[in-house]
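Coordinate analysis (summary)
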Amino acid sequence: MIRNYFKIAIRNLWKNKGYSAINIFGLGCGLAVCLLITLYVVDELSYDRYNQNRDRIYRVDSDLKFGGNELRLAVSSDPMGATLKKDYPQVEEYVRFYTSSGSKLVKKGTSFIQEDRVAHADSTLFNVFTLPAVAGNTKTALNEPNTVVITESTARKYFGVSNAIGKTIEADKVPYKITAVIEDIPHNSHFNFDFIFSMDNVDYQYGNYLSMNFQTYILLKEGTDYKAFEKNFTQVINKYILPQAKQFMQIESMDEFTKAGNKLDFRLMPLLKIHLHSDRTPELGINGNIQYVYIFSAVALFILIIACINFMNLSTARSASRAKEVGIRKVLGSERKNLIGQFLAESTAMAIISMLVAITVAYFTLPFLNDISGKTLFLNNLLSVQLLPFLVALPFIVGILAGSYPAFFLSGFKPVAVLNGKGRSGFKKDNLRSGLVIFQFFMSILFIIGTVVIYRQLNYIQTTNLGFKKDQVLIINGAGALGNNIESFKNEILGIRGVSSGTLSSFLPVTSSRTDNSFSKDAVMDPKNALSMQAWDIDYDYIKTMGMEVTRGRNFSKEFGADSSAIILNESAANVLGYDDPIGKKIYTNFQSATSNELVSYTIIGVVKNFHYESLKQNIFPLGLRLNKYQAGLASFKVNSGNMESLVKQVEAKWKRMAPAFPFSYRFMDDAFDNMYRAEQRVGKVAITFSVLAVLIACLGLFGLITYMAEQRRKEIGIRKVLGASVSNIISLLSRDFLKLVLIANLLAWPLAWWIMNKWLEDFTFRTNIGWWMFVAAGILTVMIAVFTVGFQAFKAAIANPVKSLKME
Amino acid sequence: MIKITDLEKIYRTEDIETVALNKLSFEVKEGEFVAIMGPSGCGKSTLLNILGLLDDPDGGSFVFNNEEIAHYSESKRAQIRKRNIGFVFQSFNLIDELTVFENVELPLIYLNMKASERKEKVEEVLKKMQVMHRRNHYPQQLSGGQQQRVAVARAVVNNPKLILADEPTGNLDSSNGNEVMQLLTDLNEQGTTIIMVTHSEHDARYSHRIIRLLDGQMVLENSLI
Ligand SMILES: Nc1ncnc2c1ncn2[C@@H]1O[C@H](COP(=O)(O)OP(=O)(O)OP(=O)(O)O)[C@@H](O)[C@H]1O
Ligand SMILES: [Mg+2]
């Protein structure tokens, strides 16, 4: 019976090739989107699952609010891990990562390679995380100083073999012995290192509870409730942190600290939540965002629904032409359930063919998804044990869902009525179909408006006044390698044609890992008068090269000998201090020595106009600029040349001469700036792809509907023409109803789109506004697309000779 | 009112050429009631379609109201058609989705008439055709005879000078058929020109004159008055 159903089903599909093609292609696109997004979502959800202890590992995060600055950190202080393990039996183990500057120069032969995926870690690393050894014993690998564990591909890269045990590697001029080689860390890990050095080699002022620089993970014993465990942090604060705070700040109690508007808090972040839920600084990798996982899943579902709706609409639209078939079948003795079976077989057959189309489409569009998502996904990931049943079941689910309404609808015709030509419900009074078309366009309009807003915001980011000029700035990384030659390097580069100014500095206004220092208005560190801010070391030419603007006072100048104890503040810092005229006032810090009470004073000589040095998602926090030419790691040059390539070549030649062993690495500041918004740019691209797809599939449905409608109404159109209807009368007759639906969809979608996009924009402290023209534009666009889709078929129907269609009767 | 000379219509399909009208000439005066008869396939419907400006001839001349219109464009013909000509078909050709009232109203809508004026006219003609009580029914809910009366009502609602009827009684029993023929006769008496295709000698007797066709040519023209 079922075989027979399918045989007839396939024959029917073949008989109505045009209709089947529209349906299969639409559904295929919908399913392809579904497959791709499933791949993406499954990958996002798989992060860190490779760890056997995945449910017991937690990262200790710190929340700080101090002196006008708010910090949400993914790190805590160096003694935190050990303290927790010592005081609380629930803590089975802890491990810390220290990434300092974030990169090391590793010697290979006679040259150096800049390696970015490096970290120092405690020897307990392998008790917490599952990082299997290829060679050596990870249990003891990092026990000694000057030891390093590397990954298999790194071993191959440096030594040509994976077993590199006992070999020595030189990183930042320090020799390390390779004690273990581990398998490459899976790509779906929130950290991804090639080198893990011993923690003993970190040069650090240990023991300071108030200095947060270590990613700290604890392994809780089986059955420990981590939410309950978090309550212990109050105790930790009172027992260890407060005594230290008293020592070099004037704090008597946590109460007093919080009353002054400050905050210190620790939380546990479950390992499996880090990738999608954590947005702190400094993260060890580029994290995903659970919101986008939700959004993409919803989008996949909606696109699939839009495709299913086409299917339902076209099937019911075809009911008129199939009514007679149903009538005859019933007269010949077919029961209703046979008919339902027949129609479901048809829709399932179509869904199965669509699935094959979808797999083909997905295969060819996967590289595109990989490109915009920055992942390397493979279609065979879908063949995993968990996903395969879903994949096989999907066409059946879709077939039955999409086919059930037409099946029940069509099989319900009464044979006598149908054969007498009555009972055909015709085209007009089908509210369900209208509702479904409205829904399709409703979703399409949401996608379109969403895309417009996202692009506006991206554009806003590109063009907003940042307070500095990011264009045409060439950044040379790792300039610290030049040592004492750095000044002469700068001067040599300034001699190149097209280079107008240059600066040596430790930081640039593009995101990087930085820490705050506490400053105070008075010569004592009192939390009431504290100012927590970043302090950047710059030189005389920094402000000029970056195109920043000094609004008060002056820039550093060689004419003033005492500028080494001078400081320039940004407007935010000046506001927090609250002086009418901050110029000449002093601020203090104990930066020089973390454990001593000795204060250093700085005189404010200028205020620089606020510039965005973090993402536009954040406020501009206080910042100080100090003159200090020794810590410079970045050399930046304002360049203006028609031939950037040759200019960079000249710079590289000079670098090669002065630091031949060190890799030459450069970037342009606008690229570095764009990097900060990679996630948004990805979302932008994904959004535009989905909008186009959604609109396309919805239009495919409209096209199918109008084709059938014109077919069904041939006779009516003929009569109307005989009675005097003009071509435009007929076109408007056919398209009017659809346009009405599209307009209704617009009216329904606008408020929701406005609400959703406002929510999205709330993420950005600095953002564009949503203009009414966007809604009008989306409306006009959808109406135009609908007119175009419907118009062609309507026109064809309208110019047909009425004599022919009337003869059909 | 109508004068055709050497009118030709040739249907070309891939391999066959059918001469549906072969140099046909005749004249119809205003106020006449003409029946066209002939065996199946002789070209009656083809002729009627051309006279109704629904189709164009392949040769010859067609003068309508002293205007040569054989080569007029479709839109120009449509303009003339909607003001001057009403159609009645064998299969009624009512629109199933519209009520009786709406069906009859259609020609007036395409003449851009005001709604109040339309209502008045439609009700008047529905009363005349005795289907006023069915004004809110759909065509499927009417008998064949009622449907044809609605079709006639629709054909005359805009007071056309010419009514073309293609086997108007073909689908009706004799009593309903006679009723429709009586309606046409009444209209003719009020001054409307009528050209009717029929297979029935009985119906043809209502007309003033019979034109007999064979293979697209006129074989006989007999006047009944
Ligand atoms: N669209 C067409 N294509 C090809 N040949 C056609 C077409 N329409 C009509 N014919 C041919 O033209 C001739 C005349 O057809 P027409 O419909 O005018 O006949 P009729 O006299 O109305 O016949 P009946 O009494 O059966 O309605 C026929 O031979 C028919 O086969
Ligand atoms: Mg005929």
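First, a word on scope: everything that follows refers to the structure included in this document. Computed from a predicted model, the values in this text were never measured in an experiment. (Residues numbered from 1 in each chain as written. Chains lettered and ligands numbered in written order. Predicted model: local features only at pLDDT ≥ 70, side-chain atom pairs only at ≥ 80, totals over all residues. Heavy atoms only, no water.)

Examining empty space enclosed by the protein
Put simply, the rule is: Both site types are read off a 1 Å grid over the protein atoms alone. A 1.4 Å probe that fits but cannot get out defines a cavity, while an open set with protein on both sides within 12 Å along at least five of seven lines defines a pocket; lining residues have an atom within 4 Å of a point. Grid points are joined across faces, edges and corners, and a volume is the space filled by probe spheres set on the points. Each helix corresponds to a stretch of at least 4 residues labelled H or I by DSSP, and each strand to a stretch of at least 2 residues labelled E; elements are numbered beginning at the N terminus.
One pass over the structure, following the stated rule, counts five cavities of 30 Å³ or more. Roughly 120 Å³ of volume is contained in the largest cavity. If you trace the largest cavity, you find 13 residues lining it, with Tyr19, Ser315, Phe343, Glu346 and Pro406 of chain A closest to the centre. Elements that contribute at least two residues to the lining of the largest cavity include exactly α11 (290-317), α13 (336-373) and α14 (388-411) of chain A. As a volume, the second largest cavity reaches approximately 70 Å³. The wall of the second largest cavity is formed by Val722 and Leu723 of chain A together with Arg81, Lys82, Ile85, Gly86, Phe87, Pro107, Arg154, Ala155 and Asn158 of chain B. Counting only elements with at least two residues in the lining of the second largest cavity, the list comes to α2 (74-84), β6 (85-89) and α5 (144-156) of chain B. Among the elements that make up the lining of the second largest cavity, the one with the highest residue count is β6 of chain B (three residues).

A short note on the packing of α11 of chain A against helix α22 (residues 678-712) of chain A
Two numbers describe a pair of packed helices, the interaxial angle and the distance between the axes. Rule in force here: Angles here are taken between N-to-C directions and fall from 0 to 180 degrees, while the axes themselves are lines fitted to C-alpha atoms, restricted in helices to the stretch in contact. With respect to orientation, any angle under 35 degrees is reported as roughly parallel, any angle over 145 as roughly antiparallel, any angle of 65 to 115 as roughly perpendicular, and every other angle as oblique.
Across the interface, α11 of chain A lies against α22 of chain A with an axial gap of 9 Å and an inter-helix angle of 10 degrees. Our classification of the angle between α11 of chain A and α22 of chain A gives roughly parallel.

Structural notes on α14 of chain A
Note on helix geometry: an α-helix contains 3.6 residues per turn, so any two residues three or four positions apart are oriented the same way. Residue and element names in this part refer to chain A. Spelled out, the test is: One less than the residue count of a helix, multiplied by 1.5 Å, gives the span that helix is expected to have. The quantity called bend is, for any residue, the angle between two axes fitted respectively to the seven residues ending at it and the seven beginning at it. The classification of residues rests on relative accessible area computed with a 1.4 Å probe and restricted to protein chains. Under 20% of the type maximum is buried, over 50% is exposed, and intermediate values are partly exposed.
The first and last C-alpha atoms of α14 sit 34 Å apart over 24 residues, in line with the 34 Å expected at 1.5 Å per residue. The axis of α14 is deflected most strongly, by about 40 degrees, at Gly403, and proline Pro406 appears within four residues downstream. Buried within α14 are the following residues: Leu391, Leu394, Pro395, Val398, Gly399, Ala402, Gly403, Pro406, Ala407, Leu410 and Ser411.

Section: the side chain of Thr124 of chain A
Residue and element names in this part refer to chain A. Filter applied, for reference: Note on contacts: a residue pair qualifies if any of its non-hydrogen atoms lie within 4.5 Å across the two residues.
Within the element layout of this structure, Thr124 appears in the loop between β7 (118-121) and α4 (125-128). Relative accessible area serves as the criterion here: at 14%, Thr124 is assigned to the buried category. If we ignore the near neighbours within four places in the chain, the residues touching Thr124 are Glu93, Tyr94 and Val95.

Side note on the site of ligand 1
So the rule is basically this: When at least one non-hydrogen atom of a residue lies within 4 Å of a molecule or strand, that residue is treated as near it. Identification of polar contacts relies on pairs of N or O atoms within 3.5 Å, with a donor-acceptor requirement for protein atoms, meaning one able to donate a hydrogen and the other able to accept it, and with residues adjacent in sequence counted only if both atoms are side-chain atoms. Throughout, the Shrake-Rupley method with a 1.4 Å probe supplies accessible areas, and for residues the shown protein chains are the sole cover considered. For this classification, the nonpolar set comprises Ala, Val, Leu, Ile, Met, Phe, Trp, Tyr, Cys and Pro, the charged set comprises Asp, Glu, Lys and Arg, and every other residue, Gly included, is treated as polar.
Surrounding ligand 1, one finds 13 residues, the nearest of these being Ser40, Gly41, Lys44, Ser45 and Thr46 of chain B. Per-site note: the chains with residues close to ligand 1 are chains A and B. One of the backbone N or O atoms of Gly41 of chain B is found 2.8 Å from an oxygen atom in ligand 1. In this structure, an oxygen atom belonging to ligand 1 sits 3.1 Å away from a side-chain N or O atom of His199 of chain B. In the complex, the protein chains occlude 69% of the 640 Å² of accessible area that ligand 1 would expose alone. Broken down by secondary-structure element, the contributors of at least two residues to the shell around ligand 1 are β2 (17-28) and α1 (44-51) of chain B. Counting residues per element, the shell around ligand 1 draws most heavily on α1 of chain B, at three residues. Partitioning the shell around ligand 1 into residue classes produces three nonpolar, seven polar and three charged.

Purely geometric stuff here, so don't read any function into it on its own.
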